[in-house]
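A look at the structure
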Amino acid sequence: MDYDKYNVGDGPAAFLTLIVGGLVLALALIVELNWRPPIWVHAMLWFPLTIATVVGALRVSKAILLILEHRNQAREGSIDDGTEE
């Protein structure tokens, strides 16, 4: 399979960062409202968890986008000038 025609770019990283960021924020708020730990506990818990989750899931998300591009035969966009060939 020729991977040169596929360009997944940074799309998966952006979506993954937003999704993981929302989930971690929700978890951090739940922990804060229920147990009220000191700020250093939040820093020691959420920073490594966020980084590990994004980096760990990046390969999977890029693979999913590549599979979707292949299945849907996605190609680079082109401008339609209105002439038919």
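Below you will find a few notes about this structure. Since the model is a prediction, treat every value here as computed from it, not as a measurement.

About the thresholds
- Along each chain, residue indices are assigned from 1 in the same order as the chain's sequence is written.
- Since the coordinates come from a predicted model, pLDDT governs what is reported: local features require at least 70, and pairs of side-chain atoms require 80 or more to be given and counted, while whole-chain, interface and lining totals use all residues.
- The side-chain figures draw on all heavy atoms in the structure; neither hydrogens nor water molecules are used.
- Helix numbering and strand numbering both begin at the N terminus, where a helix is a DSSP run of H or I of at least 4 residues and a strand a DSSP run of E of at least 2.
- The atom set for the radius of gyration is the C-alpha atoms, and the globule formula is 2.2 Å times the number of residues raised to the power 0.38.
- Three exposure classes are used, based on accessible area relative to the maximum for each residue type with a 1.4 Å probe and protein chains only: buried under 20%, partly exposed in between, and exposed over 50%.
- Accessible areas in this description were obtained via Shrake-Rupley with a 1.4 Å probe; residue shielding takes into account the shown protein chains only.
- Within this scheme the basic residues Lys and Arg register as positive and the acidic residues Asp and Glu register as negative, but His and the chain ends are omitted.
- Where a charge lies is defined by one atom per residue type, namely NZ (Lys), CZ (Arg), CG (Asp) and CD (Glu).
- Within the patch definition used here, like charges are joined within 9 Å and nonpolar side chains (Val, Leu, Ile, Met, Phe, Trp, Tyr) within 5 Å, considering only residues with over 30% relative accessible area and no salt bridge.
- What counts as a salt bridge is simple: a side-chain nitrogen of Lys or Arg found within 4 Å of a carboxyl oxygen of Asp or Glu.
- The contact criterion used throughout is that any non-hydrogen atoms of two residues lie within 4.5 Å.
- Any helix carries an expected span of 1.5 Å times its number of residues minus one.
- Among buried residues, those of type Ala, Val, Leu, Ile, Met, Phe, Trp, Tyr and Cys that are joined through side-chain atoms within 4.5 Å constitute a nonpolar core.

A few words on the overall build of the chain. Assigned secondary structure in the chain consists of two helices and zero strands. Taking 2.2 N^0.38 as the reference for a compact globule, 85 residues should give roughly 12 Å; the C-alpha atoms of the chain span a radius of gyration of 20 Å, well beyond that estimate. Seen along its three principal axes, the alpha-carbon backbone of the chain occupies a region of about 65 × 30 × 15 Å. Burial analysis of the chain (85 residues in total) assigns 16% to the buried set. Total accessible area on the chain is roughly 7,200 Å²; 66% of this is exposed by carbon and sulfur atoms. Treating the 6 positive side-chain charges of the chain as one cloud and the 10 negative ones as another, the clouds have centres 15 Å apart.

Attention now moves to a nonpolar patch on the surface. A cluster of nonpolar side chains, contributed by Leu27, Ile30, Trp35 and Leu49, occupies part of the molecular surface with about 420 Å² of accessible area. With three residues, helix H1 (residues 11-35) is the largest single contributor of residues to the nonpolar patch. Summarising the element assignment, Leu49 is placed in helix H2 (residues 39-71).

By the secondary structure assignment, Ser61 is in helix H2. The class for Ser61 is buried, based on a relative accessible area of 16%. Beyond its immediate stretch of four places on either side in the chain, Ser61 contacts Pro12 and Leu16.

Counted under the stated rule, the structure contains one salt bridge. With a shortest N-O distance of 3.9 Å, Glu32 and Arg36 are connected by a salt bridge.

This brings us to H1. Owing to its 3.6 residues per turn, the α-helix aligns residues three or four sequence positions apart on the same side. Counted at 1.5 Å a residue, the expected span for H1 with its 25 residues is 36 Å, and the 36 Å between its end C-alpha atoms agrees. When we look at burial in H1, the residues that qualify are Pro12, Leu16, Val20, Val24, Ala28 and Val31. Taken together, the buried residues of H1 touch H2. Immediately downstream of H1, the backbone of Arg36 shows phi near 50 degrees, a positive value.

Counting residues in hydrophobic clusters, the biggest one holds seven residues: Leu16, Val20, Val24, Ala28, Val31, Trp46 and Val54. Going through the elements one at a time, H1 and H2 are the ones with two or more residues in this core. Among all residues touching Ala28, those that are not within four sequence positions of it are His42 and Trp46.

Structurally, Asp10 can be placed in the segment before H1. Residue Asp10 is classed as exposed on the basis of its relative accessible area of 63%. Sequence-wise, Asp10 and Lys62 are 52 residues apart; in three dimensions their C-alpha atoms are separated by 8.7 Å.

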